[in-house]
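Okay, here's what each chain looks like letter by letter:
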Amino acid sequence: MFDIGTVYLLATGALLLVALGVGVRTLVAIFREGRERSRNRREGEIERYTEDPVYDRDSPDPDTDGAAPTTCPQCGAENNARFTFCRECAAPLGPNQ
Ligand SMILES: [Zn+2]
C-alpha cells in the first residue's frame, strides 16, 4: 500500500512533469520566434522604418526646407512655417504667410 510520502512524491513528480512539458514548449516557441526575427532582420523585413526620412534627424524637413519662419502678427514670436497657430500665444497665423 502507498504511504502518504509516496503519494506526495508521485503527485509532485506528476506536476513537475506537466510543468516541464509546458515550460519546454514555451521555451521552444520563444526560441523559434527569436530565430525567425533575427532572420527577418537580416533580410531587412523588420526595422525598415530606419530608412524612412521622417525618422532621420539629420535630413532637412521637406516641409520647411528653405521656407522663412512665420512671425506671429499678435506677439511677434517666430514660428515654424508649417504652424497654423502661434506656439507662444496660439493666435492663428493664416495660410502660408
Ligand atoms: Zn503669437
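Residues numbered from 1 in each chain as written. Predicted model: local features only at pLDDT ≥ 70, side-chain atom pairs only at ≥ 80, totals over all residues. Heavy atoms only, no water.

## So, the overall build of the chain
Each helix and strand in the chain was counted, giving one helix and two strands. N-terminal to C-terminal, the α/β element order of the chain is α-β-β. Here the chain holds 97 residues, and the buried ones make up 9% of them. Expressed as a percentage of contacts within the chain between residues at least 6 apart in sequence, the contacts between residues at least 24 apart total 6%. (Helix = DSSP H or I, 4+ residues; strand = E, 2+ residues; numbered from the N terminus. Buried < 20%, exposed > 50% of the residue type's maximum accessible area, 1.4 Å probe, protein only. Contact = heavy atoms within 4.5 Å.)

## Topic: a nonpolar patch on the surface
The grouping of Leu16, Leu17, Leu20, Val24 and Val28 at the surface amounts to a nonpolar patch, some 470 Å² of accessible area in total. Within the secondary structure, valine 24 is located in helix α1 (residues 4-42). Here valine 24 falls in the partly exposed class, since its relative accessible area comes to 45%. (Patch = residues over 30% accessible without salt bridge, like charges linked within 9 Å, V, L, I, M, F, W, Y side chains within 5 Å. Areas by Shrake-Rupley, 256 points an atom, 1.4 Å probe, with all protein chains shown as cover. Salt bridge = Lys/Arg side-chain N within 4 Å of Asp/Glu carboxyl O.)

## Quick word on the UniProt feature "transmembrane region" (unreviewed entry) in the chain
Here the UniProt feature "transmembrane region" (unreviewed entry) sits at residues 6-31. Helix makes up 100% of residues 6-31 and strand 0%, with an end-to-end C-alpha separation of 37 Å. (UniProt positions renumbered as here; feature names shortened; annotations may be inferred.)

## Quick look at the pattern of salt bridges
Under the defined criterion, the tally for this structure stands at three salt bridges. With a closest N to O distance of 3.2 Å, arginine 37 and glutamate 33 form a salt bridge. Residue arginine 37 and its partner glutamate 33 are located together in helix α1, separated by four residues, close to a single helical turn. Relative accessible area serves as the criterion here: at 44%, glutamate 33 is assigned to the partly exposed category. The partner of glutamate 36 in a salt bridge is arginine 39, and the shortest N-O contact between them spans 3.9 Å.

## Considerations on the coordination of the zinc ion
Put simply, a metal with four donors set out as a tetrahedron has ideal angles of 109.5 degrees, and one with six donors set out as an octahedron has ideal angles of 90 or 180 degrees. Bound to the zinc ion are the protein donor atoms Cys72 (SG), Cys75 (SG), Cys86 (SG) and Cys89 (SG), situated 2.3 Å from the metal. In this structure, the zinc ion is coordinated by four donor atoms arranged in tetrahedral fashion, with angles at the metal of 106 to 114°. Read from N- to C-terminus, the donor residues coordinating the zinc ion fall into the pattern C-x2-C-x10-C-x2-C. Taken together, the positions of cysteine 72 in the loop between β1 (70-71) and β2 (78-79) and cysteine 86 in the segment after β2 put the pair 14 residues apart, joining distant regions of the chain. Exposure class is identical for cysteine 72 and cysteine 86. Each is buried. (Donors = N, O, S within 2.8 Å, 3.2 Å for Na, K, Ca; no water. Tetrahedral: all angles 85-135°; square planar, octahedral: opposite > 155°, others 65-115°.)

## Digging into the UniProt feature "domain: DUF7577" (unreviewed entry) in the chain
Feature annotation in UniProt places "domain: DUF7577" (unreviewed entry) on residues 70-93, given in this structure's numbering. The annotated region residues 70-93 carries 0% helix and 17% strand content, and the separation between its end C-alpha atoms amounts to 8 Å.

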